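Structural characterization, general
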Amino acid sequence: GEVRAGRLSDDADALSDDDAERLSATLSSSSSSRDEKEKADASRNDNDVPSYGSLPDASKKDAAKARKAANAKKYEEYFLRHRLPTRLASSVSRSTRSTDALDSTDSSISEGPFGKPTATKSFDRKAWDSDANAYAAEIAAGDLFSETGVSETGVVSMDATTFGVVSRNGDDDRLASVETALDAFDKDDTRRALVRAQDPSSFPDQSAAEMMAQLRREADAYVNPQTGEALRWGDTWRHEWGGGVGVGRPDRVARRMMSDGVTMIVPSAFEKSGFALVPTSKDRRALEEFYDECNGPRWSVQKNWLVGEPCANGWHGVVCVGGRVTELWMNLNNVACWGKFNATALAKLDELRYLDLSDNLFSGTIPEELFSMTKLQSLVLSSNRLEGGLSERFGELVNLRHLDVSANGLSGPLPAAMGALAKLEVLYLGESGLEVRNNFNGKIPEAWSGMTSLARLSLSGNNLIKGKFPTWLGALTSLEELTIAGCSLSGEVPDTIAECLNLSLLDASGNKLRGAIPEGLSRLRKLRVLKLGGNTLEGALPASLGDLQDTLEHLDLGANKLSGSVPESFKRLKRLEYLDLSRNALEGHFPKALKSLSSLRTVLLHGNAFTGKLPAWTFTDLPLLMYLYVDGNRLSGPIPGDAVKRSALLKELHAADNAFSGTIPDATFDAPRLASLRLKGNRLSGSIPATLGNSKELARLDLSQNAFTGSIPRALANAAELAEIRLSGNRLIGPIPNALNELPLLRELYLDDNLLSGSVPDWLPPPPRFRGAGVL
């Protein structure tokens, strides 16, 4: 009969030609007698062969021999997948093991389900429990072949002591050292006594190659959280869960991964159950239910869902540790859940730590099942259409570290029970979403002072929240970001806020705060962003804010009632990029302190009472300046056109409603990035420069309410990006240039209150693309 084995190569150089000839003759002479014996044994009824357990010790040897012979053909068919190469088959000698040696070892051959035989040789618990065999002896069956592993019928034995090991010493018959089958497969060692594996292309069914590839995928999918290393089959870090990798089987039982995500349990010698098929992850069924309940076929991305095992096959959004689903990321994936948020299936994922279902636009209330998921550490449900309120049961999620339900339609009071979440680090309850926004009401509970780990808190946009600025916030010493903009808070900014020494962002804009800006803010040496605009704060700008020179990047104090001048100490804010002091009552000359702030990109000073000239250094000494708003002040003098030309990044220059005089320098329109120029309501005169056509990025031009004379330059048509032209209230003469119709983006054209003559062009009144026009 044919002799089959696992992956072996046809390299038999280790045997001499004489040995090969002797082996060939031996195999030939014994072939006929062996075939006759096998046929006779196979024809016998299995019931005629006494079972292993019912025989006395003296009869066990005969029973083992008989059953082995009777099942030899079946054994070859089911367990030995590949034929030995011809050259090797003719060169390998029979087992040197004597009959006495064979008889001295207990053997058993049992029959598994579906008639598949399960052959094991000499169950040795010590060998079975060894590291070399704990990683699935069956996996290594096709890897190794040794003379001691060949039985009298020419079949490789399933002796547990030989599976999964390989000799490292080519000159010694004994095993100098052993390693697992996985190591033997991965390492390329030319000194092995055993020959290398065949080219996989020669395998009849590719099963061995597929099996090892699957094993590698499983090794990548599982990580032992105690060591941080890849998990291997047989790892026992989850003993309290039943052993193994979450399969609920004793950890010493060998396993083999199948391509469809199922683990095949290899039975031990004392088990008669044969092979058992069990899921590798107990969370698969829960994920399948979630897929069905939340309209899985219509998800934006459903890669590999329902294919095999979720961890090994990389189901989209599923992250596993140790064979259990610990994270589920379904952001922006059209997880509609038939319109209503359903957590029935998710609650069965009892090891889930991270859940992100944001940006899916499902509605409904927050389901009660969610509060049974006590191991949750991160829950993100933002940008949906959830309704109702926040339950007091959120206090039961004691392991929660990140909660984000912003940009929904939630309402009602803020639950005081959430103050028990001592591990909570991030709490986002604000922001506006598509068509909806949260609208919580009442006071911010003082019980929240128990959130001692809180680092980020956002309640912005909840304009029904009442009460004063919480003084107890000073107890949250871990606080790094506080966003309470637009919450209708009143009172003063408390001095206790200075106790939050880790604070890097404070946004309390758009409230009803009054009083002075507290001096204690200067002690927040990590503060990067300070937003107090849109309140009714009074008094002078604190000079102590200059002490934040190492960190402050964004300062917004606009739309208050601040007075006085800009302190000289502000020149120390070298990292400042955004400055908004607009819509206050500040006065004095244009702030000289800004000259030293070379990092400034945005300067908003409009709506104050600054006087004097607009200094040229504003454009030359601030190389990163992009936005300069000085509208509504009392600035005078000429426009520093040459300096404007040198401002390489300037995009918007708004200086309307001041007292600038003189002409517009031609160089003004040579600023390479200038996109918006508003000089409305000044005392500028002369003609409009033809160099205006050089502005390649100019989109908005407002020169209305000045004293410009002359005609409208045709060069305007060269500024192809122009969308708004406002020249009303001047003394312009002549016709309206037809060239203006060539501007492809033009949407607004206002030329009224001038001295223009001629007929109205045919392309006026404006075509539908115009938003507005005035020519009379």
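Every value quoted in this text rests on a predicted model; they were computed, and no experiment measured them.

When helices and strands are tallied, the protein chain shows 13 helices and 44 strands. For the protein chain, the residues scored as buried account for 50% of the 776 residues in total. The long-range share in the protein chain, meaning contacts at least 24 apart out of those at least 6 apart in sequence, stands at 59%.

Below, the discussion takes up the state of the cysteines. In total, this model carries two disulfides according to the counting rule given. At a sulfur-sulfur separation of 1.9 Å, the disulfide partner of cysteine 311 is cysteine 320. Across the S-S bond linking cysteine 311 and cysteine 320, the dihedral sits near -85°, which makes this disulfide left-handed. In this pair, the class of cysteine 311 matches that of cysteine 320, namely buried.

A word on the pairing of strand S41 (residues 731–734). With three bridges connecting them, strand S39 (residues 707–711) and S41 associate as parallel partners. Bridge pairing in S41 links threonine 709 to arginine 731.

This part is about the sheet that holds strand S27 (residues 561–564). Spatially, the twelve strands line up as an open sheet ordered S21-S23-S25-S27-S29-S31-S33-S35-S37-S39-S41-S43, and their pairing is parallel. Two strands lie at the open edges of the sheet, namely strand S21 (490–491) and strand S43 (755–756), each paired on one side alone. Note that strand S31 (residues 609–613) and strand S33 (residues 634–637) share three bridges and pair parallel. Its bridge partner being in S33, glycine 612 is matched across the sheet by leucine 635.

A separate point is the packing of aromatic side chains. For the structure shown, the criterion picks out ten aromatic pairs. Judged by centre distance (5.6 Å) and plane angle (50°), the ring pair of phenylalanine 290 and tryptophan 299 falls under tilted. Measuring from centroid to centroid gives 6.4 Å for phenylalanine 290 and tryptophan 305, while their planes differ by 50°, and the two rings are tilted. On the criterion of sequence distance, the pair formed by phenylalanine 290 in helix H11 (residues 284–293) and tryptophan 305 in the loop between H11 and strand S8 (318–321) is long-range, its members being 15 residues apart. Taking the relative accessible area as the measure of exposure, phenylalanine 290 reaches 0% and is therefore buried. A network of ring pairs unites the aromatic residues Phe290, Tyr291, Trp299, Trp305 and Trp315 as a single cluster.

Attention shifts here to H11. Among the residues making up H11, those that are buried are Ala286, Leu287, Phe290 and Tyr291. Down the axis, H11 shows its buried residues gathered within 145° of arc, on one side only. Pointing more than 90 degrees away from the buried face of H11 are the exposed residues Arg285 and Asp292. As for H11, its buried residues are in contact with S8 and strand S9 (324–329).

Analysis parameters
- Residues numbered from 1 in each chain as written.
- Predicted model: local features only at pLDDT ≥ 70, side-chain atom pairs only at ≥ 80, totals over all residues.
- Heavy atoms only, no water.
- Helix = DSSP H or I, 4+ residues; strand = E, 2+ residues; numbered from the N terminus.
- Buried < 20%, exposed > 50% of the residue type's maximum accessible area, 1.4 Å probe, protein only.
- Contact = heavy atoms within 4.5 Å.
- Disulfide = S-S within 2.5 Å.
- Pairing = 2+ DSSP bridges.
- Phe/Tyr/Trp six-rings, centres within 6.5 Å; stacked < 30°, edge-to-face > 60°.
- Arc of directions from axis to C-beta.

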